[in-house]
Amino acid sequence: MRRRATLLQRMHLDGWLLLLLLVLGAGSLFILYSASGKNVDLLIRQATSFGIGMLGVVLIAQFDPRFMARWVPLAYVAGVGLLLVVELMGHTAMGATRWINIPGVIRFQPSELMKIIMPMTIAWYLARHNLPPRFKHLVVSLAMIGVPVVLIAKQPDLGTSLLILASGAFVVFMAGLQWRWILGAAAAVVPIAVGMWYFVMHDYQKRRVLTFLNPESDPLGAGWNIIQSKAAIGSGGVLGKGWLLGTQSHLDFLPESHTDFIIAVLAEEFGLVGVCLLLLLYLLLLARGLVITAQAQTLFGKLLAGALTMTFFVYVFVNIGMVSGLLPVVGVPLPFISYGGTHLVTLLSGFGILMAIHTHRKWIAQV
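All residue numbers refer to positions counted from 1 along the written sequence of the respective chain. Since the coordinates come from a predicted model, pLDDT governs what is reported: local features require at least 70, and pairs of side-chain atoms require 80 or more to be given and counted, while whole-chain, interface and lining totals use all residues. To get the side-chain values, all heavy atoms of the structure are used, and hydrogens and water are removed first.

- If you look the protein chain up in an unreviewed UniProt entry, it shows as Peptidoglycan glycosyltransferase MrdB from Ectopseudomonas hydrolytica.
- UniProt positions are given in the numbering used here, feature names are shortened, and annotations may be inferred rather than shown by experiment. Annotation of the protein chain in UniProt includes, under Function (unreviewed entry), the sentence "Peptidoglycan polymerase that is essential for cell wall elongation."
- Taken from UniProt, the Sequence similarities (unreviewed entry) comment for the protein chain reads in full: "Belongs to the SEDS family. MrdB/RodA subfamily."

As structure tokens, then:
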């Protein structure tokens, strides 16, 4: 006998993902209030962005993934077109041209949209061919990945370009990439890195790498961020100093405390226990994403769900790695916790797609 669909199933929402997202959203406002120096206006903007993002989750979850797949080529062309607009007439701030500014209406960062469009595009393309992909299909996939990556790197935004590269590469890997291509890519890392150092990376990006290797070489300059971040993390101990009592952030020793370095605030005020609780929430999100990937009924859905899940893991890994001094600083925000409107809405949209992949599968199975 067919079971009656629950309210969440009728709304195409996954209960576990929804619960975890709401807990992270509420927790982010709690931490952000302290990290921003009790800035209520910033808190309201973040809450508004989260609300918009959750509406996006509900809306996106209503679409069948097969319907989404039909619009992927147009979305890719539109995304690249927006990046070209940024290249030609984008808004410049803090030495980078990354935004499209419509005065009095909106200012947004098109590269954030490519974080979703890129894995969808590669999943759509490879799902239309037999797997594992043949050489010509790999070439086409790499070309589609390379165009937006190059445009974003020129803004310059090396961190985002590498994340988008990873999101597309994950799809190629999950499509059954042969070991000879994997080993070839691994062997090419060193010459590619050398070429990027001499011909692609800007001076400030090179300083970040050198600072990562030896932050004490310039403790009052380029090494200041990492030194203060590690001091904040270490001073929190096991239980932390208490909410609103972090000295590194509230005395302005810790830069960008409400964006890229916000986990240092969490570690200082809530200690190892608070960091472990956050990591547990992230782990549960990743586990649920992998379950959805394994249960996806279509090749497009499986490739896309896996890529979105693994890309989310990269966001968490890179941010925590750079804040703790294990990776160079590349300007990657901590998912759901760092302040940022476009980033938050884009991230939530990815989880809306995961819900669509999973709940439409379950709905079809019951009819």
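Having seen it, we continue.
### Digging into empty space enclosed by the protein
Then comes step 1: Here a cavity is any set of points on a 1 Å grid over the protein atoms alone where a 1.4 Å probe fits but cannot get out, and a pocket is any open set with protein on both sides within 12 Å along at least 5 of 7 lines; a residue lines the site when it has an atom within 4 Å of a point. Grid points are joined across faces, edges and corners, and a volume is the space filled by probe spheres set on the points. With the rule as written, the count across this model stands at two cavities of 30 Å³ or more.
Then comes step 2: Taken as a whole, the largest cavity holds about 150 Å³ of empty space.
Then comes step 3: Contributing to the lining of the largest cavity are 16 residues, with Leu308, Phe312, Tyr315, Leu347 and Gly350 lying nearest its centre.
Then comes step 4: For the lining of the largest cavity, the secondary structure elements donating two or more residues are α5 (110-127), α12 (262-295), α13 (299-323) and α14 (341-366).
Then comes step 5: Where helices and strands are cited, they refer to DSSP runs of H or I of at least four residues and of E of at least two residues respectively, numbered from the N terminus. Among the elements that line the lining of the largest cavity, the one with the most residues is α14, at six residues.

### Considering helix α7 (residues 158-174)
Then comes step 1: Given a helix with a known number of residues, its expected span is that number minus one, times 1.5 Å. The end-to-end C-alpha separation of α7 is 24 Å, in line with the 24 Å expected for 17 residues at 1.5 Å each.
Then comes step 2: Partly exposed describes any residue whose relative accessible area lies between the buried limit of under 20% and the exposed limit of over 50%, with all areas from a 1.4 Å probe on protein chains only and scaled to the type maximum. Burial in α7 covers these residues: Leu158, Gly159, Thr160, Ser161, Leu163, Ile164, Ala166, Ser167, Gly168, Val171 and Val172.
Then comes step 3: Residue contacts follow a heavy-atom distance rule, with two residues in contact if any of their heavy atoms lie within 4.5 Å. Buried positions along α7 lie against α5, α6 (135-153), α8 (179-199), α9 (203-213) and α13.
Then comes step 4: With its phi angle positive at about 100°, glycine 176 sits one or two positions after the end of α7.

### Quick notes on the environment of alanine 96
Then comes step 1: As for its position among the elements, alanine 96 is in strand β2 (residues 96-102).
Then comes step 2: By relative accessible area, alanine 96 is classed as buried at 3%.
Then comes step 3: Each C-alpha atom, one on alanine 96 and one on aspartate 157, is 7.7 Å from the other, the two residues being 61 residues apart in sequence.

### Focus on the layout of surface pockets
The rolling of a water-molecule-sized probe over the atoms marks out the regions of remaining empty space.
Then comes step 1: The calculated volume of the second largest pocket comes to roughly 560 Å³.
Then comes step 2: In terms of lining, the second largest pocket is formed by 19 residues, of which the most central are Ile60, Ile116, Met120, Ser349 and Ile353.
Then comes step 3: Elements supplying a minimum of two residues to the lining of the second largest pocket: α3 (40-61), α4 (65-89), α5 and α14.
Then comes step 4: The element that contributes the greatest number of residues to the lining of the second largest pocket is α4, accounting for six residues.

### Section: the sheet that holds strand β3 (residues 106-108)
Then comes step 1: One requirement defines pairing of two strands: DSSP has to find at least two bridges between them. Pairing is antiparallel in the open sheet, where three strands are placed in the order β1-β2-β3. Since the sheet does not close on itself, it has two edges, and those belong to β1 (91-93) and β3, each with one partner. Neighbour-to-neighbour, the strand axes of the sheet open up by a mean angle of 40°, direction not taken into account.
Then comes step 2: This element, α4, spans β1, β2 and β3 of the sheet and lies at about 105° to β2. For every element, the axis is a line fit to its C-alpha atoms; helices are fit only across the contacting stretch, and the angle between N-to-C directions ranges from 0 to 180 degrees.

### As for the nonpolar core
Then comes step 1: Among the buried residues, those of types Ala, Val, Leu, Ile, Met, Phe, Trp, Tyr and Cys that are joined through side-chain atoms within 4.5 Å form a nonpolar core. Counting 87 residues, the largest nonpolar core has Leu285, Phe312, Phe336, Phe351 and Ile353 as the members making the most contacts within it.
Then comes step 2: For this core, the leading source of residues is α13, giving 13 residues.
Then comes step 3: Residues within four places of phenylalanine 312 in sequence aside, it is in contact with Tyr282, Leu285, Leu286, Pro335, Phe336, Leu347 and Phe351.

### A short note on the pattern of salt bridges
Then comes step 1: Think of a salt bridge as a Lys or Arg side-chain nitrogen and an Asp or Glu carboxyl oxygen that are within 4 Å of each other. Applying the stated criterion to the full structure yields six salt bridges.
Then comes step 2: Of the charged contacts, one joins aspartate 14 and arginine 288 as a salt bridge, the two residues approaching to 2.6 Å between their closest N and O atoms. Here the residue aspartate 14 occupies a position in the loop between α1 (7-10) and α2 (15-35), and arginine 288 occupies one in helix α12, the gap between them amounting to 274 residues. Note on accessibility: aspartate 14 and arginine 288 belong to one class, buried.
Then comes step 3: A salt bridge links aspartate 64 to arginine 66; the nearest nitrogen and oxygen atoms lie 3.0 Å apart.
Then comes step 4: For aspartate 64, a relative accessible area of 18% puts it in the buried group.

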